[in-house]
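# Analysis of the macromolecular model
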Amino acid sequence: MCLFCDIIEHRQKSYIVYQDSYVTAFLDKFPIKPGHTLVVPNVHSENFLMMDSKTSCQLCNTLKTIAIAVKGALKADGIRLVSNIGESAGQVIFHTHFHIMPAWSQEPDFPSFVPRKEQTEEYYRSMQSVIMDAVKSVLSNSQIHGEVNEST
Ligand code: ZN
């Protein structure tokens, strides 16, 4: 059994901010920073290096969209995109995933959740709502500019 497959199939509770036929994005249950989001392919693969090219292209396009949305929603100055590949690199869930972690130049250490812990229901609900809205806005802007994601 794979935790992320269960989230994708809605068998496991999570706060999904975006889902299409290829990719699902949801809030990290144990965020490092506010807005910490995970982007995963719907079809199980152990890590990014083992993905087929078509799915990895879809994943990258959506990763960019979600990263722009998270950056905007959290008014972040920067974003860290991280994929840990292999146990030695810190991979814990063996289903391909990218972390999107906002960063702020004025507050390098705050707000930050260390140690990582489960947040309040309020945190997940409000974060899900602002990020979902931001994703919709990024997608509608990209359609205006003719950059329609082929997965949609
Ligand atoms: Zn899986």
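It should be noted that the structure appears before, not after, this text.
Residues numbered from 1 in each chain as written. Predicted model: local features only at pLDDT ≥ 70, side-chain atom pairs only at ≥ 80, totals over all residues. Heavy atoms only, no water.

### A few points about the coordination of the zinc ion
Under perfect tetrahedral coordination by four donors, a metal shows angles of 109.5 degrees; under perfect octahedral coordination by six donors, it shows angles of 90 or 180 degrees. On the protein side, the zinc ion has Cys 2 (SG), Cys 5 (SG), His 44 (ND1) and His 95 (ND1) as donor atoms, found 2.0 to 2.3 Å from it. For the zinc ion, the 4 donor atoms are set out with angles of 100 to 117° between them, so the coordination reads as tetrahedral. Each donor residue of the zinc ion lies on the same chain, and together they follow the pattern C-x2-C-x38-H-x50-H. Note that Cys 5 is positioned in helix H1 (residues 3-8) and His 44 in the loop between strand S3 (37-41) and helix H2 (53-73), a separation of 39 residues in sequence. Residue Cys 5 is classed as buried on the basis of its relative accessible area of 18%. (Donors = N, O, S within 2.8 Å, 3.2 Å for Na, K, Ca; no water. Tetrahedral: all angles 85-135°; square planar, octahedral: opposite > 155°, others 65-115°. Helix = DSSP H or I, 4+ residues; strand = E, 2+ residues; numbered from the N terminus. Buried < 20%, exposed > 50% of the residue type's maximum accessible area, 1.4 Å probe, protein only.)

### Side note on the packing of H2 against helix H3 (residues 121-144)
One can describe the packing of H2 onto H3 by two numbers: an axis separation of 8 Å at closest approach and a directional angle of 125°. With respect to H3, the element H2 is oriented oblique. In this structure, H2 meets H3 at a crossing whose hand is right-handed. Between H2, through Thr 65, Ile 66, Ile 68, Ala 69, Val 70 and Ala 73, and H3, the contact on the second element is made entirely by Val 130, Ile 131, Ala 134, Val 135, Val 138 and Leu 139. (Axes fitted to C-alpha atoms, helices over the stretch in contact; angles between N-to-C directions. Parallel < 35°, antiparallel > 145°, perpendicular 65-115°, else oblique. Left-handed = near helix turned anticlockwise from the far one by under 90°. Contact = heavy atoms within 4.5 Å.)

Keep in mind that these numbers describe shape and distance, not what the molecule does.
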